[in-house]
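Chain by chain, the residues:
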Amino acid sequence: MTPHEARSPEGDRPFVVLGVSAGIAAYKAVEICRRLVDAGVHVAPVLTERATRFVGRATFDALGSEPAQTSVWDEASPIPHTRLGQRADLVLVAPATADLLARYAAGLADDLLTTTLIATAAPVVVCPAMHTEMWEHPSVRANLARLEARGVAVVPPEEGRLAGGDTGAGRMAEPATIVAAVLAMLEGGHGTGVGDLAGVRVLVSAGGTREAIDPVRFITNRSSGKQGHAVAEAAGRRGAEVVLVTTSSRSRPAGVQIVEVETAAEMEEAVLARATEVDVVVMAAAVADFRPKVAVDSKLHKADGIPDLVLEATNDILAELGRRRRNGQVLVGFAAETEDLPERARAKLVAKGVDLMVANDVSAPQVGFDHDTNAVTIFGADGSITDVPLATKAEVADALVDCIVPLLAPRRA
Ligand code: CTP
């Protein structure tokens, strides 16, 4: 019996709560509801009271898998507010207005939808929709960042025509895009026990660290965090429980716990503190090898002359992980090279005591830093060599997970 069957009478069909808040894009939620039901999903619509001013409850009653609900008082007993959250395999909010995002981020539970959001342990996907000015407002950005840090997935809005004739960013993503994202998440595991990394805890680091010279200047590198985020996404989709320690504010993979860091020292602390609890560590981050010995706490001015920048070495986090590694833990490093790739990658593999070293030639076109594509060679401590020719970073991430899975077999036996 799957956990889902244990929770609800919908058999094999995934159970999705479709939350609709009060925006004009509520009309698109009708299409989302229909498409999800057509795809074999059990859809329970939950509308805020004000959403019913945009689209009538009867429409969702007719198209959903069960009658639409708007209030915690709809059913006498048992009160449905926790039941919906408990039954859900996923909660989707489309459209998510600025007001709904603020209430959810603050942990308010003042209607059925926010109560369901607070009462669920299932993955949550929000699809913001609002006017450009609101979308760009710092309060909306802060609320979204808070939600993303808690593992909430965001299907970002698109540019286009908005209500009232304006054009700009803030228009809710198209129903087809949202439905595809939901189905991909339902198919994937995201720590739910489905997939070849089910039950495995994975720690991924991503992005280039920033080492302060003074309050306005820092030393960094070209790493964008794209490859590391793709690895976190792939591991989550394939069932792992994932923690992503990242310097990058790029879109956060759904269902992944995020730890934001900036410097090599912060990354070291965040990674080492969690490493003992995980089965796999993937160090995709480009950690600075050197940092200014002293970061001055007020801005350096030109008139004061050219500063003498004295650098000191940072600690090698991966090498430390290699020394501390517990039985059965899988360690993966990355090596960005411009020459002698196989020799350098193998030497790093041995020196840092890792199982896999993912090496790329960053001087090749479309490879490495900031590109959406990559081409890597994965060297194994057992002498194996896996070539992944030019592919998207998502495909490279899946190829890496393919190499990690067999290494976990002895641990699982
Ligand atoms: N790494 C780390 N801590 C550091 C530097 C690097 O954990 N202070 C990790 C990276 O996350 C990566 C791997 O080590 O997984 C290889 O990084 P790279 O910079 O290529 O290796 P270095 O040992 O720094 O060698 P190089 O002299 O080529 O920079």
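Residues numbered from 1 in each chain as written. Predicted model: local features only at pLDDT ≥ 70, side-chain atom pairs only at ≥ 80, totals over all residues. Heavy atoms only, no water.

1. A closer look at the environment of Ala232
Heads up, the condition is: Helix and strand assignments come from DSSP, with helices taken as H or I runs of at least 4 residues and strands as E runs of at least 2, each series counted from the N terminus. Contacts: residue pairs with any heavy atoms within 4.5 Å of one another.
Its place among the elements puts Ala232 in helix H10 (residues 226-237). Distance in space between the C-alpha atoms of Ala232 and Gln257 is 9.6 Å, their sequence separation being 25 residues. In contact with Ala232, other than residues within four places in its own chain, are Val204, Val242, Leu244, Pro253 and Val256.

2. Examining the side chain of Thr48
Where we set the bar: Throughout, exposure labels follow a simple rule: accessible area from a 1.4 Å probe, protein chains only, divided by the maximum for the residue type, with under 20% read as buried, over 50% as exposed, and the rest as partly exposed.
With respect to the element layout, Thr48 can be found in the loop between strand E2 (42-47) and helix H3 (57-63). When its relative accessible area of 6% is taken as the criterion, Thr48 is described as buried. For Thr48, the residues in contact, after removing those within four places along its chain, are Val20, Ser21, Ala22, Arg103, Asp111 and Leu113.

3. Let's talk about the pairing of strand E3 (residues 90-96)
To be explicit about the condition: Should DSSP find at least two bridges between two strands, the strands are regarded as paired.
Counting buried residues in E3 gives seven out of seven residues, a clear majority hidden from the surface. Bridge analysis of strand E1 (residues 15-20) against E3 gives four bridges, and the strand direction is parallel. Bridge assignment links Gly19 to a residue of E3, and that residue is Val93. Where E3 lies against strand E4 (residues 124-128), four bridges are found, and the strand directions are parallel. Paired with Leu92 across the two strands is Val125, which belongs to E4.

4. Remarks on a nonpolar patch on the surface
Stated formally: Each patch groups residues whose relative accessible area exceeds 30% and which form no salt bridge, using 9 Å between like charges and 5 Å between nonpolar side chains of Val, Leu, Ile, Met, Phe, Trp and Tyr. Note on areas: Shrake-Rupley, 1.4 Å probe, and residue coverage restricted to the protein chains presented here. Put simply, a salt bridge is a Lys or Arg side-chain nitrogen that is within 4 Å of an Asp or Glu carboxyl oxygen.
On the surface, Ile24, Tyr27 and Phe54 cluster together into a nonpolar patch covering about 340 Å² of accessible area. Relative to the helices and strands, Ile24 resides in the loop between E1 and helix H2 (26-38).

5. Quick notes on the sheet that holds E1
Inclusion rule: Simply put, an axis is a line fit to the C-alpha atoms, just over the touching stretch for a helix, and the angle between two N-to-C directions goes from 0 to 180 degrees.
Taken in spatial order, the five strands line up as E2-E1-E3-E4-E5 in an open sheet, and their pairing is parallel. This sheet does not close on itself; its edge strands, each paired only once, are E2 and strand E5 (153-154). Set on the sheet, helix H9 (residues 175-187) makes contact with E1, E3, E4 and E5; between it and E3 the angle comes to about 165°.

6. A word on helix H11 (residues 264-275)
Formally: The span expected for a helix works out to 1.5 Å for each residue beyond the first.
Across its twelve residues, H11 extends 16 Å between first and last C-alpha, which sits within 8% of the 16 Å expected from 1.5 Å per residue. Regarding H11, the residues found buried are Ala264, Met267, Glu268, Ala270, Val271, Leu272 and Ala275. In this structure, the buried side of H11 is in contact with strand E8 (201-206), strand E9 (211-214), strand E11 (241-246), strand E12 (257-260), strand E13 (280-283) and helix H12 (317-324).

7. Digging into a negative patch on the surface
The condition is simple: In this tally, Lys and Arg are treated as positive and Asp and Glu as negative; His is ignored, and so are the chain termini. Every charge is mapped onto a representative atom, which is NZ of Lys, CZ of Arg, CG of Asp or CD of Glu.
Negative charge collects at one region of the surface, where Glu133, Glu136, Glu159 and Asp166 lie side by side. If you trace the backbone, Glu133 turns up in helix H7 (residues 132-135).

8. A look at the confidence of the model for the protein chain
Caution is warranted with low-pLDDT regions, since their predicted coordinates should not be read in detail. Note the cut-off: Scored from 0 to 100, pLDDT reflects the predictor's confidence in each residue.
Predicted confidence across the protein chain gives a mean pLDDT of 89, with 93% of residues reaching 70 or more. Here residues 1-9 scores under 50 on pLDDT; set against residues more than four positions off or in separate chains, the count is 17 contacts.

9. Digging into the nonpolar core
Inclusion rule: What is meant by a nonpolar core is a set of buried Ala, Val, Leu, Ile, Met, Phe, Trp, Tyr and Cys residues, joined one to another through side-chain atoms within 4.5 Å.
If you look at the biggest cluster of nonpolar residues, it comprises 34 residues, and the most contacted ones within it are Leu400 and Ile404. If you tally residues by element for this core, the top one is helix H14 (residues 393-412), at nine residues. Non-local contacts of Leu400, meaning those with residues more than four positions away in its chain, are made with Val231, Val282, Val332, Phe334, Leu356, Val358 and Ile378. Core analysis: the next-biggest nonpolar cluster, separate from the first, contains 31 residues, Ala68, Leu90, Ala94 and Ala129 among them.

10. Points about the packing of helix H5 (residues 98-106) against helix H6 (residues 112-119)
The test is simple: Roughly parallel here means an angle under 35 degrees, roughly antiparallel means over 145, roughly perpendicular means 65 to 115, and every remaining angle is called oblique. Working rule for handedness: look at the near helix, and if it is turned counterclockwise from the far one by less than a right angle, call the crossing left-handed; if clockwise, right-handed. Each residue gets one of three labels, nonpolar for Ala, Val, Leu, Ile, Met, Phe, Trp, Tyr, Cys and Pro, charged for Asp, Glu, Lys and Arg, and polar for the others, Gly among them.
Closest axis-to-axis distance for the H5/H6 pair is 10 Å, and the angle between their directions is 40°. Relative to H6, H5 is oriented oblique. Considering how the two elements wind past one another, H5 and H6 form a crossing that is right-handed. Residue-level contacts link Leu100, Arg103 and Tyr104 of H5 to Leu113, Thr114, Leu117 and Ile118 of H6. Of the residues belonging to the contact of H5 with H6, the class tally is five nonpolar, one polar and one charged.

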